[in-house]
Amino acid sequence: MKKNTVKEVSPFWLYVVLGTLLLAAFLGSVSVGALKFSLWDALCHPSSGFSFILWDIRLPRALLGLLVGATLGLAGAAMQGFLRNPLAEPGILGVTGGAALGAVAVFYTGLISIFPMMLPIGGILGAFVSVILLYLFAGALAGIQTLILAGVAINVIAFAGTSLMLNLVKDPYAVLDIVFWQMGSLADRSFEHVFLILPFVLAGWCMLLWDGRALEALSLGEETALSLGISLGSLRTRIVLGAALCVGASVAVCGSIGFVGLIVPHLLRPLVGYRPGRLLGASALGGAVLILCSDIAVRMVPSLMELKLGVVTSLLGAPFFLFLIFRLRKKIL
Amino acid sequence: MPGVSKAEPSSSEPRDSGPQRIVSINLCTDELLLRLVTPDRVAGMTKFSDDPEVSTVAKLSQGVRKIPGNIESVLACEPDLVLGGRFNGKETLHFFRYSDIPVLIFDVAKSFEDIYGDIRRLADAVGERQKGERIIREMQEDLAELNPGTTHGVGPFQHPVLEGLNRAVFFQSDNYVPGEGTFENAVMEAAGFRNIAAELGIRDYGRIDLERLIDARPDVIIYSSEQRNSKTVRGEVLGHPAIKKALPDVRIVTIPTLYLSCGSPVSVEAVRILAKAARASPLGVGSSDSLREDS
Amino acid sequence: MKLIETEKLDVSLDGMTILNDVSFWIGKGEVVGLVGPNGAGKSTVLKALIGALLPDKGTIRIFGKPVREVSRRTLARKLGYLPQENEVHWPLTVERVVAFGRIPYLMPWEGLKGADQKIIRDAMRATDTFHLRHRRIDHLAGGEKALVMIARLLAGEPEIILADEPVQGLDPAHSIQVMEFLAGIAENGRSVLVVLHDLALASRFCSRVLLLHEGKIAASGSPEEVFSSENLRSSYHIEAKYGNGDDFYVLPWKRI
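Small disclaimer: the values here were computed from a predicted structure and weren't measured.

Rules behind the numbers
Residues numbered from 1 in each chain as written. Chains lettered and ligands numbered in written order. Predicted model: local features only at pLDDT ≥ 70, side-chain atom pairs only at ≥ 80, totals over all residues. Heavy atoms only, no water. Disulfide = S-S within 2.5 Å. Helix = DSSP H or I, 4+ residues; strand = E, 2+ residues; numbered from the N terminus. Buried < 20%, exposed > 50% of the residue type's maximum accessible area, 1.4 Å probe, protein only. Core = buried A, V, L, I, M, F, W, Y, C linked by side-chain atoms within 4.5 Å. Contact = heavy atoms within 4.5 Å. Axes fitted to C-alpha atoms, helices over the stretch in contact; angles between N-to-C directions. Left-handed = near helix turned anticlockwise from the far one by under 90°. Nonpolar A, V, L, I, M, F, W, Y, C, P; charged D, E, K, R; others polar. Pairing = 2+ DSSP bridges. Phe/Tyr/Trp six-rings, centres within 6.5 Å; stacked < 30°, edge-to-face > 60°. Lys NZ or Arg CZ within 6 Å of the ring centre and 35° of its normal. Buried area = accessible area lost by both parts, 1.4 Å probe. Salt bridge = Lys/Arg side-chain N within 4 Å of Asp/Glu carboxyl O. Polar contact = N/O pair within 3.5 Å; in protein donor to acceptor, adjacent residues only side chain to side chain.

Undergrad: Is there a simple way to explain the state of the cysteines in this structure?
TA: Here a disulfide denotes one covalent bond, and it connects the sulfur atoms of two cysteines. Enumeration according to the criterion identifies one disulfide over all chains in this entry. Two residues, C28(B) and C262(B), share a disulfide whose sulfurs are 1.9 Å apart. With the S-S bond torsion at -80°, the cross-link from C28(B) to C262(B) turns out left-handed. Of this pair, C28(B) sits in helix α1 (residues 27-36) while C262(B) sits in the loop between β10 (251-255) and α11 (268-279), and the two are 234 residues apart along the sequence. Of the residues examined, C28(B) reaches a relative accessible area of 26% and is grouped as partly exposed. C254(A) carries a free sulfur, and the closest cysteine sulfur to it, the one in C246(A), is 13 Å from it. You can call C254(A) buried: its relative accessible area is 1%. Looking at the unpaired C77(B), the closest cysteine sulfur is the one in C28(B), lying at 19 Å. In this structure C77(B) comes out as buried when scored by relative accessible area, which is 0%.

Written out as structure tokens, the structure reads:
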């Protein structure tokens, strides 16, 4: 029995709750690791091994988790708002795959030695090309099937390209590297990685968050949005560029992590009254919480092979995706 | 169709001359072979033997015919002995096991004793027993010189442990560390070090979390040069800034990968590099020294 | 005063000419009906006016200024557009949908102010939809939804309303209600250009009618003038009955 009325949660409380969850997840993330020690100990003894582990291993890892999680949540919400489709998200639509290809290309062709920032730039270019291709294949008003098929095609191309890169690598075990990229990980990252992607991620966030109102207007269709004063062309440019910047840079450093942009906006949408604009900020927070919690789970599950972050999000996301398709099936057909 | 035949060289082979058309389809057997026989007795070997970055016999292998190692290419050499490793070329070796042509398969060496055994076995097969024994003796003398007090008895060789800063760990891509029962472990012990991975109970290759690595406070961290210098995602952890920050006094030693990838007489060089690190001043030893040993 | 004026407008889409040499104007306080057979190009006229389609030739003037010189924001405030497909992509509340009408008055970072909230409420009251404000838009019946869309239009305080078949699919009561609203808006000094299929409604509510046929204006004038039997025969191929007495109306009767 569907609800006939919609009660929006007050935005203030929504952000308070999400913010608190984020803080808790962040603290949790820096407290979990192979070594067990209390944060207080590490903070009080600045030159102990624990302190270095906290500041130089765990803190960058948690920060990256925050940046990547917020990026994926935000980009998912933005793409869904723009494409007016609840199944749109960077992973499914091939943006993440394209970013991985771009990053891998820079990494293995040695371009990264010229200039470390080439790595996120490669990821951004890859993501950018993916979004352009998506738009060309599917068009602005594409139905769900067309969009997802286009995403599948782009993902396949990206994966094939990534595998071809193996030819450039002398290391005979490079296949493992590609597998790592595909599965995504935050392990053993350092502040170098954080600073490498920070400007791009922040720029992308700005572009996407700016579009809240335009996405709301788009709920009424393109022509009405136009008549309300929205410039569709610049909206499209900002969404494309913004998503490419933050997703591209994040994937470049952490590999492919999918489904966050699908799960988080979907769960939060009813809480923001289905408003695509308000969903942006909430999804950013929610995405960060989800990734940080998944990263905690990765470290707490004892296993021989290190459990990859992308695997955890896929284990959550793929069934969720199927469930969504099932639910929306009636509306699609 | 060739009949079934034993895989050992038959006793009817002349002891002095031995096989004259030997084919090797594995880089490690390439290396052992060229140290025991002259190149004119080699009818085919792998193309890797020419590459000075991975082969320690690159100079010796010039002029020898290079083959891809599949059945046809080996047959084309008309071999009278085929050498291979346990983990590659399986189909080829399987084919030749059922032929009249003798086949010798060598396992990955896990210790210096294994190397001595491999040398003896190959020397016997190619009729160069004396040369083989000489090579083994030289190796033993070198090792004894590098770590005084090393003795080679009938059983495994004894080597003293260094005093003082003697805890080492060999940190490899994707957080792997060689523990007890690996060749890297044998090299570390021959140089007089305690292998932290072995202390943690790791057998063969295990993984160590970066946090645990730091917590173990090694005196020396060893890297393999190819992993350290090439760009791979799994190799990124090797250069993590936390290592230098949390362990400012640790000595870093980089061993050229080609000294370790095959167990051969040249592997003594790996021990030499480590032994040098043990005796040098804390900040003095680094990859630059190790790479100059490369030739 | 000509609020909207087009001159010799040519619009094509995908290589096909849809509008050819279309010139007309809308004055203050008018309810102008835009009628014509299917495919005549009626929706295209509206789309060209809001800038969704660029004309190949000709000019459009809003309040005397060429539309290119009018800022996007000003245009959004002056024109209110109601498309034919009244889609709302997300299950938003009625109040939220009506609030969208205020978008041309807000900067991207601004929220709705008290004055905005009042305008929204007034718009809903005027269209009799205030009691629906917390309901989901996708749960409303067609008639209620049409009124909500009108409320959204009103919330934007436009001076000119461009409505593309606003009564499509509505029952007679709701059709008349919608047309009455539009007429009321015009009485308050605004102007309405409404695309209609229902000739009876057009004859009842429009002060002026434009007949579009094959991309050209075939007739322009009062309903009596435009709905002449010759015009109906040549453009619609129909015959109609007419009302006699004080109220003029036309009732399509049979095909010819």
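That covers the picture; the talk isn't over yet.
Undergrad: Help me understand the nonpolar core in this model?
TA: Note on soluble globular proteins: their nonpolar side chains tend to be buried together. With 190 residues, the main nonpolar core has Y108(A), F171(B), V98(C), L182(C), V194(C) and F227(C) as its most contacted residues. When sequence neighbours within four positions are dropped, the list of residues in contact with F227(C) reads V35(C), L199(C), A202(C), S203(C), V209(C), L232(C), Y242(C), F248(C) and V250(C). Counting 54 residues, the second largest nonpolar core, distinct from the first, contains V64(B), A191(B), A275(B) and A277(B).

Undergrad: Is there a simple way to think about the packing of helix α4 (residues 95-108) of chain A against helix α5 (residues 118-138) of chain A in this case?
TA: Helix-helix packing is characterised by the crossing angle of the two axes and by the distance between the axes. Residue and element names in this part refer to chain A. For the pair α4 and α5, interaxial distance at closest approach is 6 Å and the crossing angle is 145°. For the element pair α4 and α5, the recorded crossing hand is right-handed. Each of V95, G98, A99, G102, A103, V106 and F107 in α4 lies in contact with α5, whose residues at this interface are M118, L119, G122, G123, G126, A127, S130 and V131. When grouped by side-chain class, the residues that make up the contact of α4 with α5 number nine nonpolar, six polar and no charged.

Undergrad: I tried to follow the sheet that holds strand β5 (residues 167-170) of chain B on my own but got confused; where do I start?
TA: Residues and elements named next belong to chain B. Judged by pairing direction, the sheet is parallel, and its four strands sit side by side in the order β7-β5-β9-β10 without closing on themselves. With one partner strand each, in any of the chains shown, β7 (194-195) and β10 form the two edges of the open sheet. Inspection of the sheet shows β5 paired to strand β9 (residues 220-224) by three bridges, in the parallel sense. The residue of β9 that forms the bridge with V169 is I221. Set on the sheet, helix α6 (residues 183-190) makes contact with β5, β7 and β9; between it and β5 the angle comes to about 155°.

Undergrad: Which parts of the structure should I look at to understand the sheet that holds strand β2 (residues 42-44) of chain B?
TA: Think of a sheet as strands paired side by side through backbone hydrogen bonds, with each pair either parallel or antiparallel. Residues and elements named next belong to chain B. With respect to topology, four strands assemble into an open sheet ordered β2-β1-β3-β4, the strand pairing being parallel. The sheet terminates laterally at β2 and β4 (103-106), the two strands that pair on one side only. Neighbour-to-neighbour, the strand axes of the sheet open up by a mean angle of 30°, direction not taken into account. The pairing of strand β1 (residues 22-24) with strand β3 (residues 81-85) spans three bridges and is parallel. Each bridged residue has a counterpart across the sheet, and for I22 the counterpart in β3 is L81. Here α1 sits on the sheet in contact with β1, β2, β3 and β4, set at roughly 145° to β1.

Undergrad: How should I be thinking about the packing of aromatic side chains in this particular structure?
TA: What characterises a pair of aromatic rings is the spacing of the ring centres plus the angle enclosed by the ring planes. Applying the stated criterion across every chain, the model contains ten aromatic pairs over all chains. One Lys or Arg, K47(B), reaches over the ring of F48(B) and ends 4.6 Å from the middle of that ring. If you follow R204(C) out to its NZ or CZ, it ends over the ring of F205(C), 4.5 Å from the centre.

Undergrad: Sorry, what's going on with the pairing of strand β10 (residues 216-221) of chain C here?
TA: In the case of a regular strand, side chains alternate between the two sheet surfaces. Residues and elements named next belong to chain C. Of the strand pairs in this sheet, strand β9 (residues 208-213) and β10 are connected by five bridges, and their pairing is antiparallel. Across the sheet, L211 pairs through a bridge with A219, a residue of β10. Hairpin connection between β9 and β10: a loop of two residues separates the two successive antiparallel strands, and E214 in this loop has a positive phi of roughly 55°.

Undergrad: Explain the interface of chain A and chain C here, please?
TA: Interface size is often expressed as the accessible area that is lost when the parts come together. Taken together, the contact between chain A and chain C spans 32 residues of the former and 34 residues of the latter. For the chain A and chain C pair, buried surface summed over both sides reaches about 3,000 Å², with 61% attributable to carbon and sulfur atoms. Broken down residue by residue, the surface that chain A buries against chain C is led by R213(A), L220(A) and E223(A), which jointly contribute 23%. Taken together, the connections running from chain A to chain C amount to one salt bridge. The partner of E223(A) in a salt bridge is K47(C), and the shortest N-O contact between them spans 3.2 Å. If you look at where chain A meets chain C, you find four residue pairs in polar contact (both at pLDDT 80 or more). Elements represented by at least two residues in the side of chain A that touches chain C include exactly α3 (49-83), α9 (212-218) and α10 (222-227) of chain A. Of the residues belonging to the side of chain A that touches chain C, the class tally is eleven nonpolar, twelve polar and nine charged.

Undergrad: What am I meant to see in the arrangement of the chains here?
TA: Across the two pairs of chains in contact, the largest number of contacts is found between chains A and C. Chain C makes no contact with chain B, the minimum C-alpha separation between the two being 41 Å.

Undergrad: Mind showing me how you'd approach the pattern of salt bridges here?
TA: Once the charged atoms of two side chains with opposite charge are near each other, the side chains can pair. Residue and element names in this part refer to chain C. Tallying each qualifying case throughout the model produces 28 salt bridges over all chains. Across the pair R125 and D122 runs a salt bridge whose closest N-O atoms are separated by 3.9 Å. Here the residue R125 and the residue D122 both occupy positions in helix α4 (residues 114-126), the gap between them amounting to three residues, near one helical turn. Taking the relative accessible area as the measure of exposure, D122 reaches 34% and is therefore partly exposed. Of the charged contacts, one joins D138 and R136 as a salt bridge, the two residues approaching to 3.0 Å between their closest N and O atoms. For D138, a relative accessible area of 41% puts it in the partly exposed group. R136 gets classed as buried once you look at its relative accessible area, which sits at 8%. In the salt-bridge network here, residues are joined through shared partners; they are K2, E5, E7 and R61.

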